[in-house]
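Report on the structure
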Amino acid sequence: MRNSVKTDDAIFNFFKQICDEKDDQKCIALGNNWIKAMETNLATMEANLDEKDKFKHIEDIQNNRNHLNELKDKSSTEWREYATKCMIEIMENKV
């Protein structure tokens, strides 16, 4: 439980950094870095699944890939809006 809170805090702080970034290009770069990190995490998780679990989670994996693809080419305003929504969701789900 304690690790998930720390992970949530780290993710919250990353999204806060996106929201707080005044330079639009740096904001976009932070967002793109988020995409790359999540793509790497997804690829690592998928690689660690056995064939049975890969098949079981194939739709979830594809949905996550689709979500990340939808984030590509967002403007700084769109990134700030997305990051704000994510921060709100994190706060609402904190126990």
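Every chain is numbered on its own, with residues counted from 1 as its sequence reads. Whole-chain, interface and lining totals are the exception, using all residues; otherwise, since this is a predicted model, local features are given only for residues with pLDDT of at least 70 and side-chain atom pairs are given and counted only at 80 or more. Only heavy atoms go into the side-chain values, all of them from the structure, while hydrogens and water stay out.

Turning to the nonpolar core, a few remarks are in order. Among the buried residues, those of types Ala, Val, Leu, Ile, Met, Phe, Trp, Tyr and Cys that are joined through side-chain atoms within 4.5 Å form a nonpolar core. Working definition: with a 1.4 Å probe on protein chains only, accessible area under 20% of the residue-type maximum means buried, over 50% means exposed, and in between means partly exposed. Within the largest apolar cluster, 18 residues are counted, with the highest numbers of intra-cluster contacts made by F15, I18, L71, W79 and Y82. Each helix is a run of H or I in the DSSP string that is no shorter than four residues. Each strand is a run of E no shorter than two, and both are numbered from the N terminus. Among the elements of the structure, α1 (2–20), α2 (24–47), α4 (58–71) and α5 (76–93) are those that each provide at least two residues to this core. Of all the elements, α5 adds the most residues to this core, at six residues. For this analysis, residues touch if any pair of their heavy atoms sits within 4.5 Å. Each residue touching L71, except ones within four places of it in the same chain, is listed here: W34, I35, W79 and Y82.

The phi dihedral of D73 is positive, around 70 degrees, even though this residue is not glycine. Note on placement: D73 falls in the loop between α4 and α5. On the basis of relative accessibility, which here comes to 78%, the residue D73 falls in the exposed class.

Disulfides are defined as pairs of cysteine sulfur atoms found within 2.5 Å of each other. Within the structure shown, the criterion is met by zero disulfides. Here C19 is not cross-linked by a disulfide; its sulfur's nearest cysteine counterpart is in C27, at 7.6 Å. Take C19: its relative accessible area is 19%, and that puts it in the buried class. C86 takes part in no disulfide bond, and the closest cysteine sulfur, belonging to C19, lies 8.9 Å away. Overall, C86 belongs to the buried group, its relative accessible area being 14%.

Attention now moves to the packing of aromatic side chains. Only Phe, Tyr and Trp rings take part, Trp by its six-membered ring, and two of them pair if their centres are within 6.5 Å. Stacked means planes under 30 degrees apart, edge-to-face means over 60, and tilted covers everything else. In total, this model carries five aromatic pairs according to the counting rule given. Both rings, one in F15 and one in W34, keep their centres 4.7 Å apart while their planes meet at 55 degrees; by these two values the pair is tilted. Taken as a pair, F15 in helix α1 and W34 in helix α2 lie far apart in primary sequence, 19 residues in all. Neither residue differs from the other here; F15 and W34 are each classed as buried.

The next thing to look at is the side chain of S76. The topology assignment puts S76 in helix α5. Given a relative accessible area of 8%, S76 falls into the buried group. Residues in contact with S76, not counting those within four places in the same chain, are D24, C27 and I28.

Right, let's talk about the confidence of the model for the chain for a bit. Counting all residues, the mean pLDDT for the chain is 92, and 94% of those residues have values of 70 or more. Taken element by element, the chain is modelled with least confidence in α1, mean pLDDT 84, and with most confidence in α2, mean pLDDT 96. By definition, pLDDT measures how confident the predictor is in each residue, and it falls between 0 and 100.

With that settled, the discussion passes to α2. Helix length check: α2 (24 residues) gives 35 Å between terminal C-alpha atoms against 34 Å at 1.5 Å per residue, within 8%. Within α2, burial applies to C27, I28, L30, G31, W34, I35 and L42. The opening residue of α2 is D23, an N-cap whose side-chain oxygen sits 2.9 Å from the backbone nitrogen of Q25. Multiplying one less than the number of residues by 1.5 Å gives the expected span of a helix. Residues adjacent in sequence count toward polar contacts only when both atoms are side-chain atoms; beyond that, a polar contact is any pair of N or O atoms within 3.5 Å, and within protein one must be able to donate a hydrogen and the other to accept it.

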